[in-house]
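Listed below are the residues making up each chain.
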Amino acid sequence: VGIGSASARGSNRLEVNGVTYRSRLDIDGEARRDLTITVRPFRADPEMALEAGRYRATVYCLRRFGSSETAWAIGPDTPLDQLPITDDSVTLRGSCTAR
């Protein structure tokens, strides 16, 4: 597993089994707790794409709020047939819950 840098802005990369998953994190809300994470490619390995999104949220919430806890509205545990998938990208939404 190769892990790129983890920041709140821009794209991040996570490489697993030769596939590079790219994620984009957008932060909403006054307290900067609300997250929208888009990950691609999704179809290469949907489970790993979702885990790349979980990883991105975990790193952001841990660095920003001191805990990795994320409350997901649409997250890695959402059934595959209920996920918003567009052009081989999946979009996750959640909020950091610490502090």
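Predicted model only: the values in this text are computed from it and were never measured.

Caption draft 1: Focus on the overall build of the protein. Helix and strand counts for the protein stand at 1 helix and 7 strands. For the protein, the succession of helices and strands along the chain, N to C, is β-β-β-β-α-β-β-β. Counting every position in the protein, which comprises 99 residues, the buried fraction comes to 37%. For the protein, the share of sequence-separated contacts (at least 6 apart) that also reach a separation of at least 24 residues comes to 51%. Summed over all atoms, the accessible surface of the protein reaches about 5,700 Å², with 44% contributed by carbon and sulfur.

Caption draft 2: A look at the confidence of the model for the protein. Taken residue by residue, the protein gives an average pLDDT of 87. The fraction at 70 or more is 88%. Within the model, pLDDT remains below 50 along residues 1-7, and this stretch shows 19 contacts once partners closer than five positions in the same chain are excluded.

Caption draft 3: View of the state of the cysteines. Under the criterion given, the structure shown has 1 disulfide. Across the disulfide, Cys61 is cross-linked to Cys96 (sulfur-sulfur distance 2.0 Å). Taking the sign of the S-S torsion, about -80 degrees here, the bridge from Cys61 to Cys96 comes out left-handed. In this pair, Cys61 is assigned in helix H1 (residues 46-65) and Cys96 in strand E7 (residues 89-96), connecting sequence segments 35 residues apart.

Caption draft 4: Summary view of the side chain of Thr36. Along the chain, Thr36 falls in strand E4 (residues 34-40). Using a relative accessible area of 14% as the deciding quantity, one classes Thr36 as buried. Non-local contacts of Thr36, meaning those with residues more than four positions away in its chain, are made with Arg24, Leu25, Asp26, Asp28, Thr91, Leu92 and Arg93.

Caption draft 5: Local environment of the pairing of strand E3 (residues 19-28). In the sheet, E3 pairs with E4 via 7 bridges, with the strands oriented antiparallel. Bridging from a neighbouring strand, Asp26 pairs with Thr36 of E4. Here E3 hands over to E4 after 5 residues, with Gly29 in that stretch at a positive phi of 85 degrees.

About the thresholds
- Residues numbered from 1 in each chain as written.
- Predicted model: local features only at pLDDT ≥ 70, side-chain atom pairs only at ≥ 80, totals over all residues.
- Heavy atoms only, no water.
- Helix = DSSP H or I, 4+ residues; strand = E, 2+ residues; numbered from the N terminus.
- Buried < 20%, exposed > 50% of the residue type's maximum accessible area, 1.4 Å probe, protein only.
- Contact = heavy atoms within 4.5 Å.
- Areas by Shrake-Rupley, 256 points an atom, 1.4 Å probe, with all protein chains shown as cover.
- pLDDT = per-residue confidence, 0-100.
- Disulfide = S-S within 2.5 Å.
- Pairing = 2+ DSSP bridges.

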